[in-house]
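Examining the three-dimensional arrangement
Each chain, letter by letter, is given below.
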Number of protein chains: 2
Amino acid sequence: MNYKLLIEYDGTKYNGWQKQGNTTNTIQGKIEDVLARMQGHEVEVHGAGRTDAGVHAKEQVANVHLDGGRTAEEIRVYLNKYLPEDIGILDVSEVPGRFHSRLNAVEKIYSYHLAFGEQKHVFERKFITFLEEKPDVEKMKQAALYLEGEHDFRSFCANKRMKKTTVRKLYAVTFREYGDELFIEYRGEGFLYNMVRIMTGTLIEVGQGKRSPKEIESILRGRDRSLAGPTAPARGLTLLKVIYPQ
Amino acid sequence: MNYKLLIEYDGTKYNGWQKQGNTTNTIQGKIEDVLARMQGHEVEVHGAGRTDAGVHAKEQVANVHLDGGRTAEEIRVYLNKYLPEDIGILDVSEVPGRFHSRLNAVEKIYSYHLAFGEQKHVFERKFITFLEEKPDVEKMKQAALYLEGEHDFRSFCANKRMKKTTVRKLYAVTFREYGDELFIEYRGEGFLYNMVRIMTGTLIEVGQGKRSPKEIESILRGRDRSLAGPTAPARGLTLLKVIYPQ
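Calculation notes
Residues numbered from 1 in each chain as written. Chains lettered and ligands numbered in written order. Predicted model: local features only at pLDDT ≥ 70, side-chain atom pairs only at ≥ 80, totals over all residues. Heavy atoms only, no water. Helix = DSSP H or I, 4+ residues; strand = E, 2+ residues; numbered from the N terminus. Rg over C-alpha atoms; globule rule 2.2 N^0.38 Å. Buried < 20%, exposed > 50% of the residue type's maximum accessible area, 1.4 Å probe, protein only. Contact = heavy atoms within 4.5 Å. Areas by Shrake-Rupley, 256 points an atom, 1.4 Å probe, with all protein chains shown as cover. Domains from an automatic or database assignment. Buried area = accessible area lost by both parts, 1.4 Å probe. Salt bridge = Lys/Arg side-chain N within 4 Å of Asp/Glu carboxyl O. UniProt positions renumbered as here; feature names shortened; annotations may be inferred. Phe/Tyr/Trp six-rings, centres within 6.5 Å; stacked < 30°, edge-to-face > 60°. Lys NZ or Arg CZ within 6 Å of the ring centre and 35° of its normal. Least-squares fit on C-alpha atoms with pLDDT ≥ 70 in both. Polar contact = N/O pair within 3.5 Å; in protein donor to acceptor, adjacent residues only side chain to side chain. Nonpolar A, V, L, I, M, F, W, Y, C, P; charged D, E, K, R; others polar. pLDDT = per-residue confidence, 0-100. Axes fitted to C-alpha atoms, helices over the stretch in contact; angles between N-to-C directions. Parallel < 35°, antiparallel > 145°, perpendicular 65-115°, else oblique. Left-handed = near helix turned anticlockwise from the far one by under 90°.

**Regarding the overall build of chain A**
Within chain A, the secondary structure is distributed over five helices and ten strands. Taken over the C-alpha trace, chain A has a radius of gyration of 19 Å; the compact-globule value for 246 residues is 18 Å, and the two agree within 12%. Within chain A, buried positions represent 54% of all 246 residues. Within chain A, residue pairs in contact and separated by at least 24 positions form 70% of the contacts whose partners lie at least 6 positions apart. Total accessible area on chain A stands at roughly 11,400 Å², and carbon and sulfur atoms take up 46% of it.

**Structural notes on the domain arrangement of chain A**
Residues and elements named next belong to chain A. According to the domain assignment, chain A contains domain 1 (2-95) and domain 2 (107-243). Here domain 1 and domain 2 have C-alpha centroids that lie 27 Å from each other. The interface of domain 1 with domain 2 comprises 15 residues on the first partner and 15 residues on the second. The junction of domain 1 with domain 2 conceals about 1,200 Å² of combined surface from both sides, 58% of it contributed by carbon and sulfur atoms. Counting the surface domain 1 buries against domain 2, the share from its top three residues, Asp52, His56 and Glu59, is 42%. For the pair domain 1 and domain 2, the interface holds two salt bridges. A salt bridge links Arg197 to Asp52; its shortest N-O distance comes to 2.9 Å.

**Description of the UniProt feature "domain: Pseudouridine synthase I TruA alpha/beta" (unreviewed entry) in chain A**
Residues and elements named next belong to chain A. Cross-referencing UniProt, the feature "domain: Pseudouridine synthase I TruA alpha/beta" (unreviewed entry) maps to residues 7-100 and 143-245 in the present numbering. For residues 7-100, helix accounts for 26% and strand for 27%, while the C-alpha atoms at its two ends are 15 Å apart. Helix makes up 25% of residues 143-245 and strand makes up 30%, while its end C-alpha atoms are separated by 30 Å.

**A short note on the packing of aromatic side chains**
Using the criterion set out here, one finds 14 aromatic pairs over all chains in the structure. Lys58(A) extends its terminal NZ or CZ atom over the ring of Phe123(B), reaching a point 4.2 Å from the ring centre.

**Here's the deal with the pattern of salt bridges**
Applying the stated criterion across every chain yields a total of 36 salt bridges over all chains. Between Glu73(A) and Arg76(A) there is a salt bridge; the shortest N-O distance is 2.8 Å. Taken together, the positions of Glu73(A) and Arg76(A), both in helix H2 (residues 72-82) and three residues apart, correspond to about one turn of that helix. According to the relative accessible area criterion, Glu73(A) is partly exposed, its value standing at 43%. Under the relative-accessibility criterion, Arg76(A) is labelled buried at 8%. Put simply, Glu85(A) and Arg235(B) hold a salt bridge, and the shortest N to O gap is 3.8 Å. With Glu85(A) in the loop between H2 and strand S4 (87-95) and Arg235(B) in the loop between helix H5 (215-222) and strand S10 (237-243), the pair connects residues from two separate chains.

**Notes on the relation of the copies chain A and chain B**
Overlaying chain A on chain B yields an RMSD of 0.0 Å, the required transformation being a rotation through 180° with an accompanying axial translation of 0.0 Å. Given the turn and translation reported, the copies of this chain are related as if by a two-fold rotation axis.

**Let's talk about the UniProt feature "binding site: substrate" (unreviewed entry) in chain A**
Residue and element names in this part refer to chain A. UniProt annotation of "binding site: substrate" (unreviewed entry) refers to Tyr110 when read in the numbering used here. Note that Tyr110 resides in strand S5 (residues 107-116). Setting aside residues up to four positions removed in sequence, Tyr110 forms contacts with Thr51, Ile184, Glu185, Tyr186, Phe191, Val196, Leu237, Thr238, Leu239 and Leu240.

**Re the environment of Glu205(A)**
Residue and element names in this part refer to chain A. Considering the arrangement of structural elements, one finds Glu205 in helix H4 (residues 195-207). Those residues in contact with Glu205, other than ones at most four positions away along the chain, are Lys210, Arg211, Gly229 and Pro230. Here the side chain of Glu205 touches Arg211 through a polar contact of 2.7 Å, side chain to side chain.

**Here's the deal with the environment of Glu189(B)**
Looking at where Glu189(B) falls in the secondary structure, it is placed in the loop between strand S9 (181-188) and helix H4 (195-207). Taking the C-alpha atoms as reference points, Glu189(B) and Ile109(B), 80 residues apart in sequence, are found 8.9 Å from one another.

**Remarks on the interface of chain A and chain B**
Counting residues at the interface gives 27 residues for chain A and 27 residues for chain B. Buried area between chain A and chain B, both sides added, is near 2,300 Å², and the carbon and sulfur share of it is 50%. For chain A, the biggest contributors to the area lost against chain B are Glu85(A), Lys120(A) and Phe123(A); these three give 33% of the whole. The interface formed by chain A and chain B contains six salt bridges. For the interface between chain A and chain B, the tally reads 20 residue pairs in polar contact (both at pLDDT 80 or more). Across the side of chain A that touches chain B, the residue classes tally to eleven nonpolar, five polar and eleven charged.

**Quick notes on the confidence of the model for chain A**
On average, residues of chain A score 95 in pLDDT, and 100% of them reach the 70 mark or higher. Taken together, the chains of this predicted complex give a pTM of 0.91 and an interface ipTM of 0.87.

**Considering unusual backbone geometry**
Its identity is not glycine, yet Asn25(A) carries a phi of approximately 60°, on the positive side. In this structure, Asn25(A) sits in the loop between strand S1 (2-9) and helix H1 (27-39). In this structure, Arg223(B) is a non-glycine residue whose phi angle is positive, near 50°. With respect to the secondary-structure elements, Arg223(B) resides in the loop between H5 and S10. Looking at Arg223(B), the relative accessible area reads 42%, which means it is partly exposed.

**Considerations on the packing of helix H3 (residues 137-147) of chain B against H4(B)**
All names here are of chain B. Two elements in contact, H3 and H4, have axes whose closest approach is 8 Å; the angle formed by their N-to-C orientations is 140°. The pairing of H3 with H4 is recorded here as oblique in orientation. Crossing hand, H3 versus H4: right-handed. Along its contact with H3, which presents Lys139, Met140, Ala143, Ala144 and Leu147, the element H4 presents Met199, Leu203, Ile204, Val206 and Gly207. For the contact of H3 with H4, the class distribution of residues is eight nonpolar, one polar and one charged.

This is the structure in structure tokens:
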């Protein structure tokens, strides 16, 4: 039986979603450990987005093939009981055997949360990147227009040995301001390794006047990571949603 | 110069607001340490509400007499710079010399946050008390009606050697439900030691069918702590606001 899981996590303490090589303490690893305990044998959980170390998720999606014998709701309750308090299973549902969380996803939505100035935002502090000065958001919006659309995002990819295509469709970059807080939402068909964080780091530099909005064009054209800005910290980034065709 | 501070804190790691005797690691102590560093001599910060260990605040109020030489805004920036990330100063303003945060307060608003069932509420988990089963909220509302008004709340006071009056006015107890979450808001002129947590623990027992709503009457009449329910955990409690006459 194939099950789709909706998962929320505070990524602060984890080495990201994906278990690979010797990487321990991952979200995928924690969920697989609990399911292996439930099943009595190892299982593999397939995540839709491989969030980096320290990145959070409000609704990550994964799928896993499990033996029968428990209802979806029983599986959810079991998982929540044995998972640590910073990983929660929002929903478990039965899906067709061929459903794959990553391969079938048609869109992902990430949100980057920035706050400016001295306010500490105590209750959300672990999910925010703080900047001393407020950047020029209008300039950031202008720069983001150059990012939207289908481009080769190689300059915004941290994986230098990326052999597959680095062309991606970025559907929209949306800015929402609330006082001294700024949320940048990225909607795209898929994202390269560190792509959202490098885009954010570059947009911040535009907002700080270190680059012009138009420079995004030549950064994209150059296809070279060193042309783009720094990788913004993981803590401000949250995977909001993964969308599938209905 | 007398200054009024608005303070938010995640109380998880602290031994409450008040520094007393050998109690270290308090919110008051952290703020006094930073101000002493700023002034070059010790200062005393007076808080409006003495929140217990583990209790949070969205807008605690305190006042402190400081030497001149800095604007209120400079004091705020200094405090936020040197305070830990779980204590934030929302505002600093000059107030008349006779203003005292506790003595002049006319109303305090506390909120108790409960969640029921298996959902983990990962992003707010440190500010929630979890119950396995949803209690009967209608019964809790009926019970709360007996608490509202002016009563001797001795049965709801953890301080057995309380010499002063234990009569308090509780203006309103309001319930707000969102799915599997319940917020209980208490507005009163002032609260006794652990009073909000003991009222919450008692209301929960009513909601669980362990007591009838009408039992609140005899608990109040008995003036004996052992008649009331358990003290609900600190983590679900937040001081929302302190109100002064305008």
